[in-house]
Amino acid sequence: MAAAVADDFAKKCELQHNDTLGRFVIARCSLSAGETVLQEQPIVILPHIGDRRCAKCFKLTESFCSQCRLLALCEDCAGHDERDCQRLRELQLSEEQVQLLQAKVNAEVQPALACLLLGEHEHSRPLYEEMSQMETHLEERRGTDIWRSHQTHAYAPLEATGVLMQLQAVDEVLLQRLLGILDVNVYEIRAPEYGGAMRGLYRRAALFAHSCLPNLETAIDDERRIKVFANRPIAAGETLYICYTSVLLGTEERRHILRTGKCFDCSCARCQDPTELGTHMSSFICNACACTGGYVVRQPETGTWQCLLNPEHKLKPEFVCNMLERAKEEIFHARGDIYRLELLLVKMSRLLHGNHYLMLDLKQNIASILRQILQNMAHCPNRKVYERKIRVCQELLLVLKVVAPGISRLKAIALYELANTQAELARKLYSEQEHSSRELLAELNQTEIMMREALRMLLLEPVATPEGQMSRSMLRELKELQNDIKLLQESSDDVVNQ
């Protein structure tokens, strides 16, 4: 199976290189929407910086293997890879040296050891060599905060204890290269605990270039296997792109993440457009303009914030930065409280465009709480709650259709939420005799179309993911919806025949 997947990648993809992108991948042949390009297991699975996870099951832990004493191991796991354990036992470190490497402040030692151990065994050495060829942006990273952090919390303790001399005689530059490869190339993957995250390094998935308007979608299942598939038709010769950040962030946020973490600047069409393809996801309301349409945007060439209608109306970068930081803090403290979130939405609408990424964040939070309210009938939600949920979903979808065209997990989920809520409201109004059977039928027909479209996208997700499980539930709901439609149509036909 692994060989077949590798051959599939080789048939569909071609590796190229240039000075701008470094190594990147183009389509060797035309690809249809939804077509799988790649499936593969990670080389290594790692915690986020600062976390410590079991080397066996990847749960968060503060315990270590009682044998090697260097790799984290939770109390539920009896052991980890025997070859790694044996190699680390051969180091014969003193108790003082072990304590230095186990110190919480030196948590970066764990990912460093995970990489170094790949090169210590004959079976994994080819993976280590292949990993060593990945992009690192070493010179751009030199002297940065993350470089200094790796030097202090990984290189220094490993060098002081003599571990580096015993493992391949590693110097600081080589260790920085390895850790830089992780920083630049890893994918975020779900952790065992709900809401947690880890990092996974993949051989071929690391080759795809970035765009904020990608033509590929990725999904990672509960076995940490990544699936990469086309989100739209792709012509032979096109560069294959994934998005390294969230499409629901504004341009400055995305570029900051890419610059600090990946060491490059994106120049895609969305990043070059001050209005972000007309979505205004980073735009401010121009309070100096008396007419509608006065939005202050950041000009990519100059970095200045000025009004689209009157360039004389400007905002200082310091004001923009401070205002956004305050808004983020207020959103953080309002999470879980729908009344505070709604008030904050009104307050921020005086300064930010309705599609600003912080406004979208608020709306996502509101939608999440409304979902919980509607699922609990003990709350006896009224018509306004349903209508509010529908309006929020519609507003999110309008943006997603622009920034995530084609097949999109985010768009599919928002569309499902919209369809489900509209169907439930239609049934409620019918049961309360506010809608006729004909009106109910029309609403259910519309929601069936949306449900089928959402399902079409989510069925591409691996079964062993939350989205894959959601698609199975949606299949059952769609059948129930279709049965309701059939019964209503039969009832309507009977009335006509009479």
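Quick caveat: nothing in here was measured; it's all calculated off a predicted structure. (Residues numbered from 1 in each chain as written. Predicted model: local features only at pLDDT ≥ 70, side-chain atom pairs only at ≥ 80, totals over all residues. Heavy atoms only, no water.)

## Thoughts on the nonpolar core
Membership of the largest hydrophobic core comes to 70 residues, with the highest contact counts inside it found for F284, M348 and L358. Listed by contribution, the elements that provide at least two residues to this core are strand 13 (305-307), helix 12 (317-334), helix 13 (338-348), helix 14 (357-375), helix 15 (383-403), helix 16 (409-431), helix 17 (437-458) and helix 18 (466-497). Contacts of F284, omitting those with residues within four sequence positions, involve G294, Y295, V296, W305, L315, V320, M323, L324, L351, L352 and H353. Counting 42 residues, the second largest nonpolar core, distinct from the first, contains C74, L164, V170 and L178. (Core = buried A, V, L, I, M, F, W, Y, C linked by side-chain atoms within 4.5 Å. Buried < 20%, exposed > 50% of the residue type's maximum accessible area, 1.4 Å probe, protein only. Helix = DSSP H or I, 4+ residues; strand = E, 2+ residues; numbered from the N terminus. Contact = heavy atoms within 4.5 Å.)

## Description of the side chain of T239
As for its position among the elements, T239 is in the loop between strand 9 (226-230) and strand 10 (241-242). Sequence-distant contacts of T239, defined by excluding residues within four places in its chain, comprise L21, F24, V25, I26 and N215.

## Considering the domain arrangement of the protein chain
The parts lose accessible area when they come together, and the size of an interface is often stated as this lost area. Domains assigned within the protein chain are domain 1 (2-41 + 202-243), domain 2 (44-198) and domain 3 (406-498). In this structure, domain 1 and domain 3 have C-alpha centres spaced 33 Å apart. At the junction of the two partners, domain 1 supplies twelve residues and domain 3 supplies nine residues. Across the domain 1/domain 3 interface, buried area totals approximately 830 Å², and carbon plus sulfur atoms make up 56% of it. Here E217 and R409 are joined by a salt bridge, their closest N and O atoms 3.8 Å apart. One can count five residue pairs in polar contact (both at pLDDT 80 or more) joining domain 1 with domain 3. Listing elements by their share of the side of domain 1 that touches domain 3, those giving two or more residues are strand 8 (216-220) and strand 9. Among the elements that make up the side of domain 1 that touches domain 3, the one with the highest residue count is strand 8 (four residues). (Domains from an automatic or database assignment. Buried area = accessible area lost by both parts, 1.4 Å probe. Salt bridge = Lys/Arg side-chain N within 4 Å of Asp/Glu carboxyl O. Polar contact = N/O pair within 3.5 Å; in protein donor to acceptor, adjacent residues only side chain to side chain.)

## A short note on the UniProt feature "domain: SET" (unreviewed entry) in the protein chain
Here, the residues flagged by UniProt with the feature "domain: SET" (unreviewed entry) are residues 13-245. This span, residues 13-245, is 31% helix and 19% strand, and a straight line between its end C-alpha atoms measures 23 Å. (UniProt positions renumbered as here; feature names shortened; annotations may be inferred.)

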